[in-house]
Amino acid sequence: MRVTEISMPPNIALIKYMGKKDEAKNIPSNASLSYALGNLKSTVRLTNLENEIDHDEWDNQSQLSEIEKTRFIHHLNFLRKYFNIQQYFEISSNNNFPAGCGLASSASSFAALTKCAITAFGVKISISEMAALSRQGSGSSCRSFFSPWALWKNETVEAINLPYQNLIHHVIVVSNSKKDISSSEAHRRVQTSLLFPGRDKRAELRLEYLLQSFEDKDWAKSYKILWQEFWDMHALFETAEESFGYLLPDTLFVLNYLRNYWISYQDGPLVTMDAGPNIHVLFREDQFEQVEKIKQFFESKFLVL
Ligand code: DP6
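Residues numbered from 1 in each chain as written. Predicted model: local features only at pLDDT ≥ 70, side-chain atom pairs only at ≥ 80, totals over all residues. Heavy atoms only, no water.

1. Brief notes about the pattern of salt bridges
Piece 1. Using the criterion set out here, one finds 16 salt bridges in the structure.
Piece 2. Glutamate 66 is the partner of lysine 69 in a salt bridge, and the nearest nitrogen-oxygen pair spans 3.8 Å. Highlighted residues: lysine 69 and glutamate 66, both in helix 1 (residues 66-83), separated by three residues, approximately one helical turn.
Piece 3. Judged by its relative accessible area of 58%, glutamate 66 falls in the exposed class.
Piece 4. Ionic pairing is found between arginine 188 and glutamate 185, a salt bridge with its closest N-O pair at 2.7 Å. (Salt bridge = Lys/Arg side-chain N within 4 Å of Asp/Glu carboxyl O. Helix = DSSP H or I, 4+ residues; strand = E, 2+ residues; numbered from the N terminus. Buried < 20%, exposed > 50% of the residue type's maximum accessible area, 1.4 Å probe, protein only.)

What follows is the structure in structure tokens.
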């Protein structure tokens, strides 16, 4: 029995992918920049089924919801059609972190599914082609093929060489319950916000400033840009015609603590959020004392990954 197993990391966007120019192909409205979260991973295992079986089956250990399973099969069908392959599989998908709460599990699981399927098909293609196919399953997954930094614009995603190669990442999990509004739905709804026109220009300007701040090693400037960027995205959520949001009282508690920390010490972690209530922090390697201090503070109240 042939078994193929692939693990891929999630990634956290510093400049966000929010809004699509082409929904069918997941072409983003603006360029985005991400950092791969090497300590977290999604693992997909595909076990070849007998030739006469004409549908996929699920391993009962898989952690996906029914909606996620439907999206997975849809993407697998897309890949089978693209490569003209008839093989069906028993599918297993697991994460070593809680899924569906803004920890970008769809990025890592679609990246792992795409790479695993292509490996199981026995097809040899470049990483860039793989990433482009993965993007059509879930946009942000294309960035998980490049580590640690990935820059995605239109149909092209590539590694980008930036000074900080070994950031220390933690996520403060204030809630790990599944979110009501999926990222795909968020991409649709933000287009109805009166703040959406101009969003692409703002994001791309911030991207330019952020890359410059990294080159200049101006950490405080990078922190400010990231802060403005995730608030921009959450403001789009709140001001959509059908308003929605992910922030919980504990989210604001954590954000206030981190802002006050920066005000007190004139240094601290980069802070960002995905489409969820949890807070991502990224430290430079030389900030290990701050990592322990901040971790210790939050660990008494929340799960810190
Ligand atoms: C808020 O890639 O999950 O995490 O392409 O519809 O699958 P689909 O959306 P998805 O969107 C991710 C949005 C985000 C920001 C980001 O990762 O850039």
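The structure having been displayed, the exposition proceeds.
2. What to know about the site of the ligand
Piece 1. Taken together, 18 residues lie near the ligand, and Tyr17, Ser138, Ser140, Ser184 and Asp274 sit nearest.
Piece 2. Within the contact set of the ligand, an oxygen atom lies 3.4 Å away from a side-chain nitrogen or oxygen of serine 183.
Piece 3. Within the side chain of histidine 187, an N or O atom sits 2.9 Å from an oxygen atom of the ligand.
Piece 4. Coverage of the ligand by the protein chains reaches 97% of its 460 Å² of free accessible surface.
Piece 5. At three residues, the largest contribution of residues to the shell around the ligand is made by helix 4 (residues 183-189).
Piece 6. Across the shell around the ligand, the residue classes break down as five nonpolar, eight polar and five charged. (Near = heavy atom within 4 Å. Polar contact = N/O pair within 3.5 Å; in protein donor to acceptor, adjacent residues only side chain to side chain. Areas by Shrake-Rupley, 256 points an atom, 1.4 Å probe, with all protein chains shown as cover. Nonpolar A, V, L, I, M, F, W, Y, C, P; charged D, E, K, R; others polar.)

3. What to know about the sheet that holds strand 12 (residues 270-273)
Piece 1. Pairing is antiparallel in the open sheet, where four strands are placed in the order 12-13-11-14. Unpaired on one side and paired on the other, strand 12 and strand 14 (303-304) mark the two borders of the sheet.
Piece 2. In terms of strand pairing, strand 12 meets strand 13 (residues 279-283) through four bridges, oriented antiparallel. Along strand 13, the bridge assignment pairs valine 271 with valine 281.
Piece 3. The strands touched by helix 8 (residues 288-299) are strand 11 (168-173), strand 13 and strand 14; relative to strand 11, the strand with the most contacts, the crossing angle is about 15°. (Pairing = 2+ DSSP bridges. Contact = heavy atoms within 4.5 Å. Axes fitted to C-alpha atoms, helices over the stretch in contact; angles between N-to-C directions.)

4. So, the packing of aromatic side chains
Piece 1. Within the structure shown, the criterion is met by 26 aromatic pairs.
Piece 2. Ring geometry for tyrosine 257 and tyrosine 261: centres 6.3 Å apart, planes at 35°, overall tilted. With a gap of four residues between them, tyrosine 257 and tyrosine 261 both fall in helix 7 (residues 249-265), about one helical turn apart.
Piece 3. A relative accessible area of 21% places tyrosine 257 in the partly exposed class.
Piece 4. Each member of the aromatic cluster is reached from another via a ring pair, and the members are Phe253, Tyr257, Tyr261, Tyr265, Phe297, Phe298 and Phe302.
Piece 5. Lying over the aromatic face of tyrosine 209, lysine 221 brings its terminal NZ or CZ to 5.8 Å of the ring centre.
Piece 6. Here the basic side chain of lysine 301 rests over the ring of phenylalanine 297, its NZ or CZ set 4.3 Å away from the ring centre. (Phe/Tyr/Trp six-rings, centres within 6.5 Å; stacked < 30°, edge-to-face > 60°. Lys NZ or Arg CZ within 6 Å of the ring centre and 35° of its normal.)

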